[in-house]
Structure formats: structure tokens, C-alpha cells
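Listed below, chain by chain, are the residues.
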Amino acid sequence: MSSSRPLNGLSRLDAEDRSPYQRLSQRMLDISGDRGVLKDVIREGAGELVTPDASVLVKYSGYLEHMDKPFDSNCFRKTPRLMKLGEDITLWGMELGLLSMRRGELARFLFKPTYAYGTLGCPPLIPPNTTVLFEIELLDFLDSAESDKFCALSAEQQSQFPLQKVLKVAATEREFGNYLFRQNRFYDAKVRYKRALLLLHRRTAPPEEQHLVETAKLLVFLNLSFTYLKLERPTMALRYGEQALIIDRKNAKALFRCGQACLLMTEYQKARDFLVRAQREQPFNHDINNELKKLASYYRDYMDKEREMCHRMFAPGDNGSTVGEN
């Protein structure tokens, strides 16, 4: 028998016998301890690692060996669904992989059958005992467990925690609201924003830290004002916009939201006052200038209808008498 020349410690025949996934696995990091989940970072992320009870926002595609098209992917969705670890993610390998990632990270993973679809596979797509490759991009994650536990405490219990803890939980609630808002789930977003606001209202901070609470409140007031506009409740939108202006009377976004609310309520003079003030703060803001044009158009239509109504009220009737005469 003839022997092959060694190639990096392996025979050429051994190297050629290796499958693409086996060759790829040689340069990947073992994150499960038994080489069942292997990882290759394509783009580094930043910040903290994903926490065990987090809700994650990810893009992913799953591939079988020797296939170019994914058998599973959510990349076609404009806005991926928020998924909670331990509930919405069914692959053990994906959960372990996500726990090793940071925001913004893009990574490639190999999941052995034990960490993927098992000995039976998932017919007809996944054959038995199949190793699969997933490319995962972690867009964001929210630590919902920490927030839920904190919100379940009484006001007295919450007051025992440092201010930074309260601000962090309130920020998480607001981030959840923002996600729901982007999904057009405006009622659910409003509930999250109000949870954040309740936490901030309950908290009394020393004078030197009160500005931190006010800054957090301002953001929530702006969110609530915009959300109530989407819910077609301009009175509430105006109320929260005005609350924001108490904190920052020159805030262009708050002035703009108040102007939008007044326009929906057909309070044209108040709408103009708010929008002109907003324009003064941001003269070249496209949205503000467009809203002022819309206001002018609505006001002209309103005045035309008023004149037409007055003309009908006081114009002579067919018999030459005025309306109301016997």
C-alpha cells in the first residue's frame, strides 16, 4: 500500500474526506464544552452579554450542509419579532449561542444534532442526526425578567433600591414600548410607557440627582404624546406633550406633538402657536414645516366652509325673503 504525504498533521486523504462543516469547525470556538455548539465571530458586538431571561431581537438564517439557500430565515421580515429566551427559541444551540453574544454582533454557529433537531431531525426539511449552520445577528436585547420582577414590588420595596436601578428598569420598560410602537402595537406600547412613568413618579431623588429623573420622564412624556396621536386621542397627546414642556419648554419635539394634537382637535390658533414655536427652535425641520403647511391648508378650508355657511344663513330665499322669515 502506498502512503500519502502528511498535510498539517493529517494525511491528504483524511483532509479530502472531511466535509465542509468539518473543515469549518476546525477554526471555530467551542462554547458548549463538548464541541456541540461552535462559534465563529464575523463582526464583533459591544456592551454586555445577553442575559439568561432576556428578550432578543435577532436576524437569523439556518443552512444545511451542501445547500446554498436557508431552510429557515427571518431576514425577509422588515421588523423581526422579539423572542424571549427559554420560551420562544426552541433550539438549545441557538439559546447557548445567543448567551455568548453582544449587541450588534454577527456570528456563525454550527449546532450538532443534540443541540439542534436531534436524532430524528425535522422531516421533511431536516434529515436525522444533522449538523446545521446558523448565521445570527443580534440587533438588540432587553432584560425583561429584571424589569418584571422590579415592577411587581411595592412602592416601598422599590424605594429601597438605588436610583440607578430605577432608571435602568424604567429605561427597559421604555425600550419595550419603543419596540411595540415600531410593531404598530400602540396600545401595548402605551402600557409599557406608563409602567416606566409610574416608576419615575414614585421615586424621590435628592436635588443633585433630580435632573436624571426629569430627563427620563421627558423621554417617556414624548413617547406617550406620540402614542396617543397614533391612537387618535389628541387630548391625551396634548396633555403629555405639555407635561414634557414643563420640563423643557423649548423642546421642539414636544412643541411639534402639541401642535399636531391641536390640529387634530381643530384648535387652529393653538396649533399655530405650538408649531411656530417649534419652528423657531428648528427652522429647517422638514416635518414641522410640512405641518405648518397642512395647518394653513386646513385653516383655509375651514374659513371657506364658514363663509359658505354664513352665506347660506343670510342669503335671500327663493321667494325673496331671508331665512327665518314667515
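It should be emphasised that the depicted structure is a prediction, and the values quoted were computed from it without experimental measurement. (Residues numbered from 1 in each chain as written. Predicted model: local features only at pLDDT ≥ 70, side-chain atom pairs only at ≥ 80, totals over all residues. Heavy atoms only, no water.)

Novice: If you had to explain the packing of helix α6 (residues 163-182) against helix α8 (residues 210-230) to someone new, which residues and values would you point to?
Specialist: At a minimum axis distance of 11 Å, the contact between α6 and α8 shows a crossing angle of 20°. When the axes of α6 and α8 are compared, the pair comes out roughly parallel. Judged by the sense of rotation from one axis to the other, the crossing of α6 with α8 is left-handed. The segment α6 lies against α8, with Leu163, Gln164, Leu167, Arg174, Asn178 and Phe181 engaging Leu212, Val213, Ala216, Leu219, Val220, Asn223, Phe226, Thr227 and Lys230. (Axes fitted to C-alpha atoms, helices over the stretch in contact; angles between N-to-C directions. Helix = DSSP H or I, 4+ residues; strand = E, 2+ residues; numbered from the N terminus. Parallel < 35°, antiparallel > 145°, perpendicular 65-115°, else oblique. Left-handed = near helix turned anticlockwise from the far one by under 90°. Contact = heavy atoms within 4.5 Å.)

Novice: I'd like to hear about the pattern of salt bridges, residue by residue, with values.
Specialist: Across all of its chains, the model carries 15 salt bridges by this definition. Residues Arg108 and Glu135 are paired through a salt bridge, measuring 3.4 Å at the closest nitrogen-oxygen approach. Taken as a pair, Arg108 in strand β10 (residues 106-111) and Glu135 in strand β11 (residues 132-142) lie far apart in primary sequence, 27 residues in all. Overall, the relative accessible area of 28% leaves Glu135 in the partly exposed class. (Salt bridge = Lys/Arg side-chain N within 4 Å of Asp/Glu carboxyl O. Buried < 20%, exposed > 50% of the residue type's maximum accessible area, 1.4 Å probe, protein only.)

Novice: Just give me the short version of helix α10 (residues 252-264), but keep the residues and values in it.
Specialist: For an α-helix, 3.6 residues make a turn, and residues three or four places apart therefore share a direction. In this model α10 runs 18 Å from its N-terminal to its C-terminal C-alpha over 13 residues, within 8% of the 18 Å that 1.5 Å per residue would give. A large share of α10 lies buried, amounting to 11 of its 13 residues. What α10 keeps buried is the set Ala252, Ala254, Leu255, Phe256, Arg257, Cys258, Gly259, Gln260, Ala261, Cys262 and Leu263. Its side-chain oxygen at 3.1 Å from the backbone nitrogen of Lys253, Asn251 defines the N-terminal cap of α10. Phi turns positive, to about 55°, at Thr266, one or two residues after α10. (Expected span 1.5 Å × (residues − 1). Polar contact = N/O pair within 3.5 Å; in protein donor to acceptor, adjacent residues only side chain to side chain.)

Novice: Would you mind going over the packing of aromatic side chains in detail, with residue names and values included?
Specialist: Inspection of every chain in the model, using the stated rule, returns 11 aromatic pairs. Arranged with centres 5.0 Å apart and planes meeting at 40°, the rings of Phe181 and Phe226 form a pair that is tilted. Of this pair, Phe181 sits in helix α6 while Phe226 is found in helix α8, placing the two residues 45 residues apart along the sequence. Classification of Phe181 as buried rests on a relative accessible area of 14%. According to the relative accessible area criterion, Phe226 is partly exposed, its value standing at 26%. One aromatic cluster is present, built from ring pairs that chain together Tyr60, Phe71, Phe109, Phe111, Tyr117 and Phe134. Positioned above the aromatic ring of Phe141, the side-chain terminus of Arg103 is 4.1 Å from the ring centre. (Phe/Tyr/Trp six-rings, centres within 6.5 Å; stacked < 30°, edge-to-face > 60°. Lys NZ or Arg CZ within 6 Å of the ring centre and 35° of its normal.)

Novice: Can you break down the side chain of Ser147 residue by residue, with the values?
Specialist: Of note, Ser147 is situated in helix α4 (residues 144-151). Ser147 has contacts with Val169, Thr172, Glu173 and Arg195, leaving out every residue within four places of it along the chain.

Novice: I'd like a rundown of unusual backbone geometry, residues and numbers included.
Specialist: Note that the residue after Pro123, namely Pro124, is joined by a cis bond; omega there is 0°. Its identity is not glycine, yet His66 carries a phi of approximately 70°, on the positive side. Relative to the elements of secondary structure, His66 occurs in the loop between β6 (55-64) and β7 (72-73). His66 sits in the exposed class, given a relative accessible area of 68%. Within the chain, Thr266 stands out as a residue other than glycine whose phi angle is a positive 55°. Locating Thr266 in the fold gives a position in the loop between α10 and α11 (268-281).

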